[in-house]
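Residues per chain are reported as follows:
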Amino acid sequence: MRATKAIVRRSALTHNLERARALAPTGRVMAVIKANAYGHGAIEVARTLAPEVDAFAVAMLEEAIELRKAGVESPVLILEGVEGDHDLHEALARNCWLMMHRESSVKRLCETRLDTKATVWLKYDTGMHRLGMDRAATVKAVESLAGQPQVQGAPVLCTHLACADDQESRTTPGQVSAARELAKKHRLPLSAANSAGVLFWPDSHADWNRPGYMLFGNCPSGHPDPSSVGLQPAMRLVSEIMALRHLRPGESVGYGQRWTARRPTLIGTIPIGYGDGYPRHAPDGTPVFIRGARAPLAGVVTMDMITIDLTDVGGVEVGEPVELWGENVSVNEVAKYAGTIGYELLAGLTRRVPLKYVD
Ligand SMILES: *Cc1c(COP(=O)(O)O)cnc(C)c1O
């Protein structure tokens, strides 16, 4: 068996969930597990967190169906909503909650005869300008949903924060107050906070909070140390040294000879590459963790392998375990080297990397 795998610690997931609850104790928790639970395996993450959460959220119907087929029974909100009668009926038959982000979807719902009552969230666009309705359209939607027999209770008013990861953001307070004002006026339950809202913006805490990234133990601000906000990384991406070689000064490594030895050098090869989701843009110097120390990437990331400079790490042998990201090198740190965010690295893990669950 290939040594490369992602080890997911269930107790870290529950720890982070408890952390989200403790930060925003009065609201209910909707755990966002879209994109295969940010690469951690949606089914296993849902099974682990189901007893602790009030609901889950995924981006699309297909992700919700995957959970239902695996026996997950908690409420699941479909963040992007559904298109067309077929998907609407399918979503309701599968007991999913619906995000309505366009007037036309609200109209369709009101005009469709349903056997089950729909639980509806309304997306109010307060500044993200990706999905959602402006204030007037949201008010119209609230009014047309009121008293509809096929709608379960009052809709939840939902908005998404554009800049909450920036603790100095001037946009966030305006978004929050706009959403609060409308929720209060129409006596609707409110949901505004994502992970960054939960962590950094107490005013954004409301009836429902929607943490995603933080549940996997990483700081949404990009901070390299999750313990600074009381989180534990849930994933360790690990592998092993598969080959070692000595280079003389002047000899180079890999495609295009990007990295050249300036001294007698020990190079270790690790069987992970961009075909697994390790970022191809990682530059020389990107750290991996081995034998209690950090060693720098040397040479380009290839599809199946990377090479690292082990000269300063004593006593390395073939088979030595390596952490690519996890408890010792955070995914945010690797992302920073590679010019991206940890979210992309986690969501970009490919199915070639088996997920193993511990605890
Ligand atoms: C992805 C998403 C979230 C969770 O965001 P995190 O930054 O991962 O906490 C919450 N709400 C919506 C609408 C989302 O799309």
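Our subject is the structure listed above.
Residues numbered from 1 in each chain as written. Predicted model: local features only at pLDDT ≥ 70, side-chain atom pairs only at ≥ 80, totals over all residues. Heavy atoms only, no water.

Enquirer: Could you give an account of the site of the ligand, with specific residues and numbers?
Expert: Surrounding the ligand, one finds 14 residues, the nearest of these being Lys34, Tyr38, Ser195, Tyr213 and Tyr343. In this structure, an oxygen atom belonging to the ligand sits 2.6 Å away from a side-chain N or O atom of tyrosine 343. Within the complex, 93% of the 390 Å² of free accessible area of the ligand lies under protein. Partitioning the shell around the ligand into residue classes produces six nonpolar, four polar and four charged. (Near = heavy atom within 4 Å. Polar contact = N/O pair within 3.5 Å; in protein donor to acceptor, adjacent residues only side chain to side chain. Areas by Shrake-Rupley, 256 points an atom, 1.4 Å probe, with all protein chains shown as cover. Nonpolar A, V, L, I, M, F, W, Y, C, P; charged D, E, K, R; others polar.)

Enquirer: Describe the environment of glycine 81, and please don't skip the residues or the numbers.
Expert: Mapped onto the elements of the fold, glycine 81 is located in the loop between β4 (76-78) and α5 (84-93). The sequence separation of glycine 81 and alanine 59 amounts to 22 residues, and the corresponding C-alpha distance is 7.9 Å. (Helix = DSSP H or I, 4+ residues; strand = E, 2+ residues; numbered from the N terminus.)

Enquirer: Describe in detail α5, supporting the description with residues and values.
Expert: Taken residue by residue, α5 has Leu88, Ala91 and Leu92 as its buried positions. Axial view of α5: buried residues confined to an arc of 95°, hence all on one face. Pointing more than 90 degrees away from the buried face of α5 are the exposed residues His86 and Ala93. Along its buried surface, α5 packs onto α4 (61-69), β4, β5 (96-100) and α6 (103-111). Of the residues trailing α5, asparagine 95 is marked for its positive phi of about 60°. (Buried < 20%, exposed > 50% of the residue type's maximum accessible area, 1.4 Å probe, protein only. Arc of directions from axis to C-beta. Contact = heavy atoms within 4.5 Å.)

Enquirer: Please set out unusual backbone geometry residue by residue, giving values where relevant.
Expert: A positive phi is found at alanine 37, a non-glycine position, where the angle reads about 55°. By the secondary structure assignment, alanine 37 is in helix α2 (residues 34-38). One non-glycine residue with positive phi stands out, namely glutamine 257, at about 50°. Mapping glutamine 257 onto the fold places it in the loop between β12 (252-253) and β13 (259-260). Among the residues examined, glutamine 257 registers a relative accessible area of 54% and is labelled exposed.

Enquirer: Now, about the sheet that holds strand β17 (residues 306-309): what can you tell me, with residues and values included?
Expert: Ordered by their spatial adjacency, three strands build an open sheet running β11-β14-β17, and the pairing between neighbours is antiparallel. Edge strands, defined here as strands with exactly one partner in the open sheet, are β11 (243-247) and β17. Across this sheet, the average inter-strand angle for adjacent strands is 30°, counted without regard to direction. Here strand β14 (residues 265-270) runs beside β17; their pairing, made up of four bridges, is antiparallel. (Pairing = 2+ DSSP bridges. Axes fitted to C-alpha atoms, helices over the stretch in contact; angles between N-to-C directions.)

Enquirer: An account of the environment of proline 211 is needed here, citing residue identities and associated values.
Expert: Tracing the backbone shows proline 211 in the loop between β9 (208-209) and β10 (235-240). Separated by 17 residues in sequence, proline 211 and asparagine 194 place their C-alpha atoms 4.7 Å apart. Ignoring any residue separated from it by four or fewer positions in sequence, one finds proline 211 in contact with Ala20, Val29, Met30, Ala31, Val32, Ala193, Asn194, Ser195 and Val198.

Enquirer: I'd like a description of α6, backed by residues and values.
Expert: If you check which residues of α6 are buried, you get Ser105, Val106, Leu109 and Cys110. Looking down the long axis of α6, one finds its buried residues gathered within 135° of arc, a one-sided arrangement. Residues of α6 that are exposed and point more than 90 degrees away from the buried face comprise Lys107 and Glu111. Contact partners of the buried residues in α6: α5, β5, β6 (120-123) and α7 (135-145).

Enquirer: So what's going on with the packing of aromatic side chains? Residues and values would help.
Expert: One pair of aromatic rings is described through two measures. These are the centre distance and the angle between the planes. Scanning the model with the defined rule gives seven aromatic pairs in all. Measuring from ring centre to ring centre gives 3.8 Å for tyrosine 213 and tyrosine 343, while their planes differ by 15°; the resulting arrangement is stacked. With a gap of 130 residues between them, tyrosine 213 in the loop between β9 and β10 and tyrosine 343 in helix α11 (residues 342-347) connect regions that are remote in the sequence. Measuring from centroid to centroid gives 6.4 Å for tyrosine 278 and tryptophan 325, while their planes differ by 15°, and the two rings are stacked. With tyrosine 278 in the loop between β14 and β15 (287-290) and tryptophan 325 in strand β18 (residues 321-325), the pair connects residues that are 47 residues apart, well separated along the chain. Each member of the pair, tyrosine 278 as well as tryptophan 325, is classed as buried. These aromatic residues form a ring-pair network of at least three members: Tyr38, Tyr213, Phe216 and Tyr343. (Phe/Tyr/Trp six-rings, centres within 6.5 Å; stacked < 30°, edge-to-face > 60°.)

Enquirer: I'd like to hear about the packing of α7 against helix α8 (residues 171-185), residue by residue, with values.
Expert: Between α7 and α8, whose axes approach to 12 Å, the crossing angle comes to 25°. Compared by their axis directions, α7 and α8 come out roughly parallel. Crossing geometry of α7 relative to α8 is assigned as right-handed. The segment α7 lies against α8, with Arg135, Thr138 and Val139 engaging Glu181, Leu182 and Lys185. (Parallel < 35°, antiparallel > 145°, perpendicular 65-115°, else oblique. Left-handed = near helix turned anticlockwise from the far one by under 90°.)

Worth remembering: the numbers are spatial, not functional.
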